[in-house]
Amino acid sequence: MSATDLLQANCERLLAQYNSNIQAIAALQTILIRDILPSVADELELSPEATEWAKEWLEDRHTLFRISKRNNFTISFAMESVRKNLVWRLKNLWPLIHLAPTPLSMIHCLPKSARDPFGRPILLVKAIPLKTTSKNVKSNVIELFEGLRCHLKDINADSTTLPIFQYMIILDIKETSLRTFDLDLFTWTLREIIPRFPGMLGGVFILNYSWVHAGMWRIIKRLLPETALSRVFFLSNEEILQYFTPASLPQDYGGTMSTLDFLDDPLWMQDTASRSEIVTRGEISTPDPPFGKYSLSPTSISPTSLLNPFFGYPAFLAYGSLSLKHGRRRKRDLARTLLLLFWIRWRKVLIVGTLLALSVAILKMGAQGVQARSLRSFLARNSLLKMGASANRRYNGGNDGHIGLVIVHTEILTKPSSKLEPRVNDPTYDRPWLR
């Protein structure tokens, strides 16, 4: 199946899911605006401007659809995800004046007239080494994804045809290599940003791929899920023209549009205009802290706490929102919690049983020691009796071992040990009366 057929099938499936769940999305949107937003505003002590800004995001039905799709259209999970995203946005995107409109030169959104065969906008990305600090890049990445979301919202507001949910990306990796590839930034984007802006990627066409990039691709494909890998295609400049029309591509890539240097970027034009409007109205000239009295440091919650909605898994509270500590439900965390609960329930029995087992073991060891001492005493007594019998035969030729035993004890107590040893060459050895 060709790339066009795969992308068309994905697009049709996405539209069918939207049409079948549009009523549920509308109901979810009503609950969020009517119940969840006032609760968050009271809890975080939001200003009226921040509350209105949050409401504008909740009114984006296509964003709610993408979040619901990520949660398999389960209303409770989708509601929890929207709440966490709302708190995250208030932390990282509000007030807007804090994010300077500094576009990344490596990313260029083509004008609205440039679309793929299924009406999706085109994002052209040049993978070049970044010459700025990691903190500034992360701020720009957050701002970029928010601009992409707002651009899709504007496209759908102006369109009377089918809704648009995703972008098509043309990724030019000619100037990148494994040495210049920022793996930390890439993994941070996958872990922190993509879940906040889910479902906006329709497909990726990678250009200028060569054997030099093979090692980099082996690393990247291990980090991507199977659903994302199925939307990645390696094409030549000729093949890219078979998917896009020349009127949808700049001259840099064989199209008939102007070069990238002379093409306007609707993302940053729109972003700058919206910021200027907000500043002119004076809505955020002196912004209030978005979180009021709440501490910005997260608070850990025990897996067995009754306040933990993810009972059995560690969680933390940050900015008024509860989240899993590791971002997912790990089996080892559940096993650790079950062992803890087992210990709490049966620890008295286990302690008593252990003490009884130790007592039995000590008694057995003591009994074995007594038996060993008795055996040694028995062997020592037999040895002394034999020595006494031998001494009795030497002295009087009798058979009374007890008398010999007395003689042996007398010899041991009255003579040095050297004189008790047998003297084979002594003629008086067997005749003690001659000594």
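Attention in this report is confined to the structure presented alongside it. Keep in mind the model is a prediction, meaning the values are calculated, not measured. (Residues numbered from 1 in each chain as written. Predicted model: local features only at pLDDT ≥ 70, side-chain atom pairs only at ≥ 80, totals over all residues. Heavy atoms only, no water.)

Attention now moves to the overall build of the protein. Broken down by element type, the protein carries 13 helices and eight strands. Relative to its full complement of 435 residues, the protein shows a buried share of 36%. Relative to all contacts within the protein whose residues are 6 or more apart in sequence, the contacts with residues 24 or more apart total 68%. As displayed, the protein offers around 26,000 Å² of accessible surface, 59% of which is attributable to carbon and sulfur atoms. (Helix = DSSP H or I, 4+ residues; strand = E, 2+ residues; numbered from the N terminus. Buried < 20%, exposed > 50% of the residue type's maximum accessible area, 1.4 Å probe, protein only. Contact = heavy atoms within 4.5 Å. Areas by Shrake-Rupley, 256 points an atom, 1.4 Å probe, with all protein chains shown as cover.)

Right, let's get into helix α2 (residues 48-58). Residues A50, W53, A54, W57 and L58 constitute the buried set of α2. Projected down its long axis, α2 shows its buried positions confined to an angular sector of 145 degrees, all on one face. (Arc of directions from axis to C-beta.)

The phi torsion of most residues other than glycine is negative, and most of the peptide bonds are trans. Residue W94 is joined to P95 through a cis peptide bond whose omega torsion reads 0 degrees. One non-glycine residue with positive phi stands out, namely N208, at about 60 degrees.

Pairing is mixed in the open sheet, where five strands are placed in the order β1-β2-β3-β4-β5. Two strands in the sheet have a free side with no partner beyond their single neighbour: β1 (107-109) and β5 (232-234). Strand-to-strand, the axes of this sheet are offset by a mean angle of 20 degrees, without reference to chain direction. Of the pairings in the sheet, the one linking β1 to strand β2 (residues 122-126) comprises three bridges and is antiparallel in character. Residue H108 lies in a different strand from β2, and its bridge partner there is L124. Of the strands in this sheet, β3 (167-172), β4 (201-207) and β5 touch helix α1 (residues 3-44), which is tilted by about 160 degrees from β4. (Pairing = 2+ DSSP bridges. Axes fitted to C-alpha atoms, helices over the stretch in contact; angles between N-to-C directions.)

What follows is about the pairing of β4. β4 sits mainly inside the fold: six of its seven residues count as buried. Here six bridges tie β3 to β4, and the two strands are oriented parallel to one another. Its bridge partner being in β4, D172 is matched across the sheet by L207. Bridge count for β4 against β5 is three bridges, and the pairing is parallel. Among the inter-strand pairings, I206 is bridged to a residue of β5, identified as F234.

With that out of the way, let us pick up the environment of T256. On the secondary structure map, T256 appears in the loop between α9 (237-243) and α10 (266-281). Owing to a relative accessible area of 57%, T256 belongs among the exposed residues under this scheme. A sequence separation of 10 residues divides T256 from P246, and the C-alpha atoms of the two residues are 5.5 Å apart. Apart from residues lying up to four places away in sequence, T256 is in contact with P246, A247, L249 and Q251.

On to the packing of α2 against helix α4 (residues 75-92), then. The geometry of α2 relative to α4 is characterised by a closest axis approach of 11 Å and an angle of 135 degrees between their N-to-C directions. Considering their axes alone, α2 and α4 lie oblique with respect to each other. The handedness of the crossing between α2 and α4 comes out as right-handed. For the pair formed by α2 and α4, the contact residues are A50, W53, A54, W57 and L58 on the first element and V82, N85, L86, R89 and L90 on the second. (Parallel < 35°, antiparallel > 145°, perpendicular 65-115°, else oblique. Left-handed = near helix turned anticlockwise from the far one by under 90°.)

To continue, consider the packing of aromatic side chains. What characterises a pair of aromatic rings is the spacing of the ring centres plus the angle enclosed by the ring planes. For the structure shown, the criterion picks out 12 aromatic pairs. Between Y243 and F244, the aromatic rings sit 4.8 Å apart at their centres with planes inclined by 85 degrees, giving edge-to-face as the arrangement. Per residue, the accessibility class of Y243 equals that of F244, and both read buried. Three or more aromatic residues joined by ring pairs make a cluster, and in this case those are Y18, F65, F73 and F165. The ring of W346 carries R345 above its face, with NZ or CZ at 4.3 Å from the centroid. (Phe/Tyr/Trp six-rings, centres within 6.5 Å; stacked < 30°, edge-to-face > 60°. Lys NZ or Arg CZ within 6 Å of the ring centre and 35° of its normal.)

Let us now look at the pattern of salt bridges. Between side chains of opposite charge, pairing is possible as soon as their charged atoms come close. Under the defined criterion, the tally for this structure stands at 10 salt bridges. Residue D60 is joined to R149 by a salt bridge in which the shortest nitrogen-to-oxygen separation is 3.0 Å. Taken together, the residues span a long stretch of sequence, with D60 in the loop between α2 and α3 (61-70) and R149 in helix α5 (residues 134-158) at a distance of 89 residues. Considered together, D60 and R149 belong to a single accessibility category, that of buried residues. When the shortest N-O distance is used, the salt bridge between R336 and D333 registers 3.0 Å. Of this pair, R336 and D333 both sit in helix α11 (residues 331-396), three residues apart, which is roughly one turn of the helix. Where salt bridges share partners, they join D60, R89, E146 and R149 into one cluster. (Salt bridge = Lys/Arg side-chain N within 4 Å of Asp/Glu carboxyl O.)

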